[in-house]
Amino acid sequence: MKVEFDEDVCIGMYQCVAEWSEFEKDTSKGKAVLNDSEEVEDGIFVREVPEGSELDAKFAARTCPVDAIKIYDDDGEQLIP
């Protein structure tokens, strides 16, 4: 499972930070940060979801009010949103 985070879409509500410890607040930018991620395009960050963290990652994606977080299964199918 992979998580994709679009920093440009993020509006800094930080609900994802409360749901999954892999997101942190960057108050200087007013955005969340996805830890241990790789920037694959300008402002798009991707990483694998560690085993056992799938539910937390899904909750983080579901709580994002602007859908800046997407979850993909191992076959590349988008699960959330």
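In the annotation of an unreviewed UniProt entry, the chain is listed under the name Ferredoxin and assigned to Haloterrigena salina JCM 13891.

**Description of a negative patch on the surface**
A surface patch of like charges, here negative, comprises D8, E39, E41 and D42. Note on placement: D8 falls in the loop between β1 (2–6) and α1 (15–19). D8 gets classed as exposed once you look at its relative accessible area, which sits at 53%.

**Notes on the pairing of β1**
The element β1 is extensively covered by neighbouring structure, given that four of its five residues are classed as buried. In terms of strand pairing, β1 meets strand β5 (residues 44–48) through five bridges, oriented antiparallel. Looking at the pairing, E4 lines up with V46 of β5. Alignment of β1 against strand β6 (residues 69–72), held across four bridges, turns out to be antiparallel. Opposite E4, over in β6, you have K70 as the bridge partner.

Rules behind the numbers
Residues numbered from 1 in each chain as written. Predicted model: local features only at pLDDT ≥ 70, side-chain atom pairs only at ≥ 80, totals over all residues. Heavy atoms only, no water. Patch = residues over 30% accessible without salt bridge, like charges linked within 9 Å, V, L, I, M, F, W, Y side chains within 5 Å. Areas by Shrake-Rupley, 256 points an atom, 1.4 Å probe, with all protein chains shown as cover. Salt bridge = Lys/Arg side-chain N within 4 Å of Asp/Glu carboxyl O. Lys, Arg positive; Asp, Glu negative; His and termini not counted. Charge placed at Lys NZ, Arg CZ, Asp CG, Glu CD. Helix = DSSP H or I, 4+ residues; strand = E, 2+ residues; numbered from the N terminus. Buried < 20%, exposed > 50% of the residue type's maximum accessible area, 1.4 Å probe, protein only. Pairing = 2+ DSSP bridges.

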